[in-house]
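Observations on chain architecture
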Amino acid sequence: MNLKNIPIGFKILSLVVVALIGMAFIGFNGYRGLSNASDDMDNMYSRKLQATKLLGNEINYMRMVQVRIVKYVLDPKDTKVKSSIHEAMDSFEKEWPVYRDLGARVPETAADIAQAESNWQKFKEGVLEAERLADKGDTQAAWNYYQGVEANVTQDLLKNLTALQKVANDNADKLNEEVAESMSSNLWFMTVVTIACLGVLGLMSYFVIREILSSIRQMVEKCRHMGDGDFRNQPLLGRGDEL
């Protein structure tokens, strides 16, 4: 199509339309990138960071039980310590199902989750038995019994929880890297698209402006000849637009 036959208003409108399409495309991809990043951040918190937080809480609850059962064995009359032991165990068992649902999504945690649950039951039973012996006034038997629990089951449970926490941390780090890579990729794509849109718009503007200016120069030149009394160069321009 010959640009000379296209109305100037339509040419300008075409430039505006191209600019709007480019801006809309850039805006859409920007929104999509931000939306994906937001989803990834939500996923990182709700699945990975929350799992890390829950496991940290579980380890703390277990430590609280460890410290307080020793204190209770040495002083069975302290009912507040006894209550705090049960509160810590209840808190552990209340939060564990929440973590288990999150951890079950990671295949490599299945064995450790099952082992941790088994060791927790053994640990809990050992603590309750030491508490029962302390309640009977048999402090030495309670202490000896708990020492056996501490040397075996407690250490195994701690290893299970620590291993699960490491997997959760590794997954969180991995997802963080994926989010950063995704955002970098989106930024690169938007940069390329922006440059491409500006290139197309600039190229169209160049041809349109060059064509209009070329015709205007011809008109000026012909008007100059006509001003000098030379009317032989007719018609002025071979165009189909306003000029």
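Computed from a predicted structure; not experimentally measured.

Let us now look at helix α3 (residues 110–135). Working note: α-helix, 3.6 residues per turn, so residues spaced by three or four point in the same direction. Under the 1.5 Å per step criterion, the end-to-end length of α3 is 38 Å for 26 residues, consistent within 8% with the ideal 38 Å. Directly after α3, the chain includes G137, whose backbone phi takes a positive value near 90°.

Turning next to the pattern of salt bridges. On inspection of all chains with the given rule, the structure shows four salt bridges. A salt bridge links E93 to K124; the nearest nitrogen and oxygen atoms lie 2.8 Å apart. Note that E93 is positioned in helix α2 (residues 79–103) and K124 in helix α3, a separation of 31 residues in sequence. Taking the shortest distance from any N to any O, the salt bridge between R132 and E129 comes out at 2.5 Å.

With that settled, the discussion passes to the packing of aromatic side chains. This structure, assessed with the given rule, holds four aromatic pairs. Ring plane angle 10° and centroid distance 3.8 Å describe the contact between F92 and W120, whose orientation is recorded as stacked. Of the two residues, F92 is situated in helix α2 and W120 in helix α3; the sequence distance between them amounts to 28 residues. One aromatic cluster is present, built from ring pairs that chain together F92, W96, Y99, W120 and F123.

Reading the values: rules and limits
- Residues numbered from 1 in each chain as written.
- Predicted model: local features only at pLDDT ≥ 70, side-chain atom pairs only at ≥ 80, totals over all residues.
- Heavy atoms only, no water.
- Helix = DSSP H or I, 4+ residues; strand = E, 2+ residues; numbered from the N terminus.
- Expected span 1.5 Å × (residues − 1).
- Salt bridge = Lys/Arg side-chain N within 4 Å of Asp/Glu carboxyl O.
- Phe/Tyr/Trp six-rings, centres within 6.5 Å; stacked < 30°, edge-to-face > 60°.

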